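Notes for the structure review
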Amino acid sequence: MSDTETKKSNFLNEFKAFVLIFMTIFGFFNVENKKMLYFMILASVLLIAVVIYIKENDLKFTKHFLNIIIVFYNITTLIFMVQYFIGGIEENKLFEVLLKPFYDGEIFNISAIIWIFVLTLFLQMLQVNSNRPSGENYGR
């Protein structure tokens, strides 16, 4: 392949992964509470597939973008869970905005928030394991 074709195929691969990530994340805002569990299962499978796709195609931009989103949701859910389980939840507009798909106006869907936390931890582990050097380059 020529250099132009390689760049074009790399851009298309990045775009595919980027679209899947956006569809998965913004899909939570459009799902009814009754169907949230089914969408969470679908979103989990899609995100795991995207991480594997990123690893196989060595996509750098999408990988960094996904890492930023994973870390953001991981820290947000961790802070929420610490506040919820230790001190009880107080009126906090920040959590209402950041975790809006899991808030129905009165209570938070704690099981969904815990699932997001566990999923983001798992996705981080998948990405860390995919970055380990192997063979003769290990330790350099």
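Residues numbered from 1 in each chain as written. Predicted model: local features only at pLDDT ≥ 70, side-chain atom pairs only at ≥ 80, totals over all residues. Heavy atoms only, no water.

What to know about the overall build of the protein
Along the backbone of the protein there are five helices and zero strands. Along its sequence from the N terminus, the protein presents helices and strands in the succession α-α-α-α-α. Restricting the contact set of the protein to residue pairs at least 6 apart, pairs at least 24 apart contribute 65%. (Helix = DSSP H or I, 4+ residues; strand = E, 2+ residues; numbered from the N terminus. Contact = heavy atoms within 4.5 Å.)

Let's talk about the pattern of salt bridges
Tallied over the entire structure, the rule returns one salt bridge. We note a salt bridge from aspartate 58 to lysine 60, for which the minimum N-O separation is 3.1 Å. Using a relative accessible area of 51% as the deciding quantity, one classes aspartate 58 as exposed. (Salt bridge = Lys/Arg side-chain N within 4 Å of Asp/Glu carboxyl O. Buried < 20%, exposed > 50% of the residue type's maximum accessible area, 1.4 Å probe, protein only.)

Here's the deal with the side chain of threonine 62
As for its position among the elements, threonine 62 is in helix α3 (residues 60–87). The exposure class of threonine 62 is buried, given its relative accessible area of 0%. At a separation of 2.3 Å, a polar atom in the side chain of threonine 62 contacts the side chain of glutamate 14. Other than its neighbours up to four places away in sequence, threonine 62 contacts Glu14, Ala17, Phe18, Ile21 and Ile54. (Polar contact = N/O pair within 3.5 Å; in protein donor to acceptor, adjacent residues only side chain to side chain.)

Considering the packing of helix α2 (residues 36–57) against α3
At a closest axis distance of 10 Å, the pairing of α2 and α3 adopts a crossing angle of 145°. Crossing of α2 over α3 shows left-handed handedness. Counting all contacts with α2, which are made through Leu47, Val50, Val51 and Ile54, the residues of α3 involved are Thr62, Lys63 and Leu66. For the contact of α2 with α3, the per-class residue count stands at five nonpolar, one polar and one charged. (Axes fitted to C-alpha atoms, helices over the stretch in contact; angles between N-to-C directions. Left-handed = near helix turned anticlockwise from the far one by under 90°. Nonpolar A, V, L, I, M, F, W, Y, C, P; charged D, E, K, R; others polar.)

Quick word on α3
Taking 1.5 Å as the rise per residue, α3 with 28 residues should run 40 Å; its terminal C-alpha atoms sit 40 Å apart, in good agreement. Within the sequence span of α3, burial applies to Thr62, Leu66, Ile69, Ile70, Tyr73, Asn74, Thr76, Thr77, Phe80 and Met81. Count one or two residues on from α3 and you reach glycine 88, which has phi positive near 80°. (Expected span 1.5 Å × (residues − 1).)

A few points about unusual backbone geometry
Positioned with a positive phi, aspartate 58 is a non-glycine residue whose angle comes to about 50°. Mapped onto the elements of the fold, aspartate 58 is located in the loop between α2 and α3.

What about the packing of aromatic side chains?
Under the counting rule described, the total for this entry stands at 15 aromatic pairs. Measuring from centroid to centroid gives 6.3 Å for phenylalanine 11 and phenylalanine 15, while their planes differ by 20°, and the two rings are stacked. Of this pair, phenylalanine 11 and phenylalanine 15 both sit in helix α1 (residues 3–27), separated by four residues, roughly a single helical turn. The interplanar angle of 85° and the centroid separation of 4.9 Å between the aromatic rings of phenylalanine 28 and phenylalanine 39 together place this pair among those described as edge-to-face. Of this pair, phenylalanine 28 sits in the loop between α1 and α2 while phenylalanine 39 sits in helix α2, placing them 11 residues apart in sequence. Phenylalanine 28 sits in the buried class, given a relative accessible area of 11%. Phenylalanine 39 gets classed as buried once you look at its relative accessible area, which sits at 17%. Cluster of aromatic residues (ring-pair linked, three or more members): Phe18, Phe22, Phe26, Phe29, Phe61 and Phe65. (Phe/Tyr/Trp six-rings, centres within 6.5 Å; stacked < 30°, edge-to-face > 60°.)

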